[in-house]
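Listed below are the residues making up each chain.
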Amino acid sequence: MARALHLFVACLILISLTPAVSAQPLTAPEREKLLEHLERTRQAFLASVDGLSQGQWNYRAAEGRWTIAEVAEHIAAAETMLRGFAEGALKEPASEEMLKDARRDDFVLQVVPDRSQKFEAPEPLRPRNRFGSPAAALDAFRNERAATIRLVNEGGDLRAYAAKGPGGNPLDTYGWLLFLSAHSERHTKQIEEVKADPRFPRQ
């Protein structure tokens, strides 16, 4: 079987096929919408792992499937990586040519959380126990999400900057931060799938 494209490349290729929206400055309601989305996905992820036992954290439904501990590590690590795309974009205003193809909020919010298609995680984001424990992974996530929220509040016009992703297709900084939030939503759904397995430990 051909190796699946990982989430970032696949989604950005799909994004490139959607109509572009002309560049407009960031509005206050848009900033508030992004902050609300980040807070909602933060709360949902933390609620999904609240009170888990060691056996529940480490339950593996099948060979090759991730445990909840591994999913949590992935979410925390991806927060840093995806925010890095946004921070990199903020170093220099994007050209009008790039910006006209970079605003695709609705499609990001539709495609990224969709669990009907599965993708292989890129090598830098595969679980390797980088935090040492689930508790440390959650601490890392909380810190990284706080940094993301600061960026939204202090980053200026997030519509005036853009960066190309692994698929070569641009997203404006606002779109990268929506991508980040939707990514944690996607993998919170994965955690709930693990918990719904009939053999998942009850305690």
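Residues numbered from 1 in each chain as written. Predicted model: local features only at pLDDT ≥ 70, side-chain atom pairs only at ≥ 80, totals over all residues. Heavy atoms only, no water.

**Quick word on the overall build of the protein chain**
For the record, the criterion: Helix and strand assignments come from DSSP, with helices taken as H or I runs of at least 4 residues and strands as E runs of at least 2, each series counted from the N terminus. Only protein chains enter the area calculation, which uses a 1.4 Å probe; residues under 20% of their type maximum are buried, those over 50% are exposed, and those in between are partly exposed. Contacts are assigned to residue pairs with any non-hydrogen atoms lying within 4.5 Å of each other. Per-residue accessibility takes into account occlusion by the displayed protein chains alone, with areas from the Shrake-Rupley method and a 1.4 Å probe.
Of the regular secondary structure elements, the protein chain holds eight helices and two strands. Beginning at the N terminus, the succession of helices and strands in the protein chain can be written as α-α-α-α-α-α-α-β-β-α. A buried classification covers 47% of the 203 residues belonging to the protein chain. Long-range contacts, defined here as pairs at least 24 residues apart, represent 85% of the contacts in the protein chain between residues at least 6 apart. For the protein chain, the accessible area works out to roughly 10,100 Å², and carbon and sulfur atoms hold 51% of it.

**Some details on the packing of aromatic side chains**
Spelled out, the test is: Working definition: a ring pair exists when centres of Phe, Tyr or Trp rings (six-membered ring for Trp) sit within 6.5 Å. Plane angles under 30 degrees give stacked, over 60 give edge-to-face, the rest tilted. Criterion for a charge above a ring: Lys NZ or Arg CZ within 6 Å of the ring centre, and within 35 degrees of the ring normal.
One pass over the structure, following the stated rule, counts four aromatic pairs. For the pair W176 and F179, a centre-to-centre distance of 5.8 Å together with 45 degrees between the ring planes defines the contact as tilted. With W176 and F179 both in helix α8 (residues 173-195) and three residues apart, this pair spans about one turn of that helix. Chaining the aromatic ring pairs together yields one cluster made of F85, W176 and F179. Across from the ring centre of Y174, 4.0 Å away, lies the NZ or CZ of R159, which sits over that ring.

**Here's the deal with helix α7 (residues 134-154)**
Put simply, the test is: A helix's residues, less one, multiplied by 1.5 Å, set its expected span.
With 21 residues, α7 should cover 30 Å at 1.5 Å per step; its first-to-last C-alpha distance of 30 Å lies within 8% of that length. Within α7 the residues assigned to the buried category are A137, L138, A140, F141, R145, A147, T148, L151 and V152. Here the buried face of α7 lies against α2 (28-48), α3 (54-57), α4 (68-89) and α8. G156 sits one or two positions beyond α7 and adopts a positive phi of about 75 degrees.

**Notes on α2**
As a reminder, the rule being used: Starting at the helix axis, one direction is taken to each C-beta atom, and the arc is that of these directions.
Along its 21 residues, α2 runs 30 Å from first to last C-alpha, staying within 8% of the 30 Å computed at 1.5 Å per residue. Every buried residue belonging to α2 is among E30, L34, L35, H37, L38, T41, F45, L46 and S48, and all of these are buried. Looking down the long axis of α2, one finds its buried residues gathered within 170 degrees of arc, a one-sided arrangement. Among the exposed residues of α2, those oriented more than 90 degrees off its buried face are A28, P29 and A47. Those residues of α2 that are buried lie in contact with α4, α6 (105-111), α7 and α8.

**What to know about the pattern of salt bridges**
Between side chains of opposite charge, pairing is possible as soon as their charged atoms come close. Quick reminder of the rule: Only one rule defines a salt bridge in this text: a Lys or Arg side-chain nitrogen within 4 Å of an Asp or Glu carboxyl oxygen.
Taken as a whole and assessed by the stated rule, the structure comprises 19 salt bridges. Across the pair R142 and D139 runs a salt bridge, and its minimum N-O distance is 3.2 Å. Taken together, the positions of R142 and D139, both in helix α7 and three residues apart, correspond to about one turn of that helix. Accessibility expressed as a relative area gives 39% for R142, which makes it partly exposed. Assessed through its relative accessible area of 43%, D139 is described here as partly exposed. What emerges from the salt-bridge pattern is a single network uniting E30, R103, D105, R159 and D172.

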